[in-house]
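Read off the chains here:
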Amino acid sequence: YTATYTGTAKQYTITFVTNGGPSVDDGSAAYNALITPPSEPVWDGVRFDGWFKDNQFNEEWNFASDVVTGDTVLFAKWVETVTMDALGGSVSPESIDVIYGGLYGTLPIPEKDGNTFLGWYTSSGNSVDEMSLVSEFGDHTLSAEWQTWTYFITFETDGGFGVPEYYEVYHN
């Protein structure tokens, strides 16, 4: 005697969270099945950087090898490029990728002869550091702010006159 099962496998829901980007239709898949990736979403101003298993973007879903083991939620990661404008100084790297809505993270420290770096600023004048949230949507520029070194040259005239007490000289 041979028994044949003709039922259908349980289907699990696949939810695509686009994090503000254009919506992607949810799907379904059977247990231990691969998921067919949806069409890559497009959101003007940012680049799509994959589907992730967690909303902190620690582990990317691999459509070629990851299989469904239950209801699954995948999160879209959106990346934008920030250009670092050293305003006459030098900086490396000259651009960084950041996640819209995330933290800027480690920012490069520029150098400029005769100047002290004061910090990075947005085009609207807001100060940005590694703990600042990326609130500008799309590729943008951060500009360095500098304080020029000032030197004071004092003259000891030993009783003489006709020489100023000091000169103020700016490094340039």
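Worth saying up front: this structure is predicted, and the values here are computed from it rather than measured.

Visitor: Just to check I follow, could you spell out the overall build of the protein chain for this structure?
Guide: The number of helices and strands found in the protein chain is zero helices and 10 strands. From first element to last, N terminus to C terminus, the protein chain shows the α and β order β-β-β-β-β-β-β-β-β-β. With 172 residues in all, the protein chain has 31% of them scored as buried. When contacts within the protein chain are restricted to residue pairs at least 6 apart in sequence, long-range pairs at least 24 apart make up 52% of them. Of the roughly 11300 Å² of accessible surface on the protein chain, 48% is carried by carbon and sulfur atoms.

Visitor: Would you mind showing me how to read unusual backbone geometry here?
Guide: With the exception of glycine, the majority of residues adopt a negative phi angle, and the majority of peptide bonds are in the trans configuration. The omega angle of the peptide bond from Ser92 to Pro93 is 0°, so this bond is cis rather than trans. With respect to the helices, strands and loops of the structure, Pro93 is situated in the loop between strand 4 (72-85) and strand 5 (95-99). One non-glycine residue, Asn32, adopts positive backbone phi at about 70°. With respect to the helices, strands and loops of the structure, Asn32 is situated in the loop between strand 2 (27-30) and strand 3 (47-52). For Leu87, which is not glycine, the phi dihedral falls at a positive 45°. As for its position among the elements, Leu87 is in the loop between strand 4 and strand 5.

Visitor: Teacher, can you tell me more about the pattern of salt bridges here?
Guide: Two side chains carrying opposite charge are able to pair once their charged atoms lie near each other. For the structure shown, the criterion picks out four salt bridges. A salt bridge links Asp97 to Arg47, with the shortest nitrogen-to-oxygen separation between them at 3.2 Å. Of this pair, Asp97 sits in strand 5 while Arg47 sits in strand 3; the two residues are 50 residues apart in sequence, bridging distant segments of the chain. Residue Asp97 is classed as exposed on the basis of its relative accessible area of 51%. Residue Lys53 is joined to Asp66 by a salt bridge in which the shortest nitrogen-to-oxygen separation is 3.4 Å. A residue pair is termed long-range when its members are at least 10 positions apart, and Lys53 in the loop between strand 3 and strand 4 and Asp66 in the loop between strand 3 and strand 4 qualify at 13 residues.

Visitor: Is there a simple way to think about the environment of Ser132 in this case?
Guide: Considering the arrangement of structural elements, one finds Ser132 in the loop between strand 7 (127-128) and strand 8 (140-148). Along the backbone, Ser132 and Gly105 are 27 residues apart, and their C-alpha atoms lie at a distance of 7.9 Å. Contacts of Ser132, omitting those with residues within four sequence positions, involve Gly102, Leu103, Tyr104 and Ser127. Within the local environment of Ser132, its side chain forms a polar contact with the backbone nitrogen of Asp129, the two atoms lying 2.9 Å apart.

Visitor: What is the right way to look at a nonpolar patch on the surface in this model?
Guide: Taken together, the side chains of Leu103, Met131 and Leu133 define a hydrophobic patch exposed on the protein surface, amounting to about 320 Å² of accessible area. In this fold, Met131 is placed in the loop between strand 7 and strand 8.

Conventions we followed
- Residues numbered from 1 in each chain as written.
- Predicted model: local features only at pLDDT ≥ 70, side-chain atom pairs only at ≥ 80, totals over all residues.
- Heavy atoms only, no water.
- Helix = DSSP H or I, 4+ residues; strand = E, 2+ residues; numbered from the N terminus.
- Buried < 20%, exposed > 50% of the residue type's maximum accessible area, 1.4 Å probe, protein only.
- Contact = heavy atoms within 4.5 Å.
- Areas by Shrake-Rupley, 256 points an atom, 1.4 Å probe, with all protein chains shown as cover.
- Salt bridge = Lys/Arg side-chain N within 4 Å of Asp/Glu carboxyl O.
- Polar contact = N/O pair within 3.5 Å; in protein donor to acceptor, adjacent residues only side chain to side chain.
- Patch = residues over 30% accessible without salt bridge, like charges linked within 9 Å, V, L, I, M, F, W, Y side chains within 5 Å.

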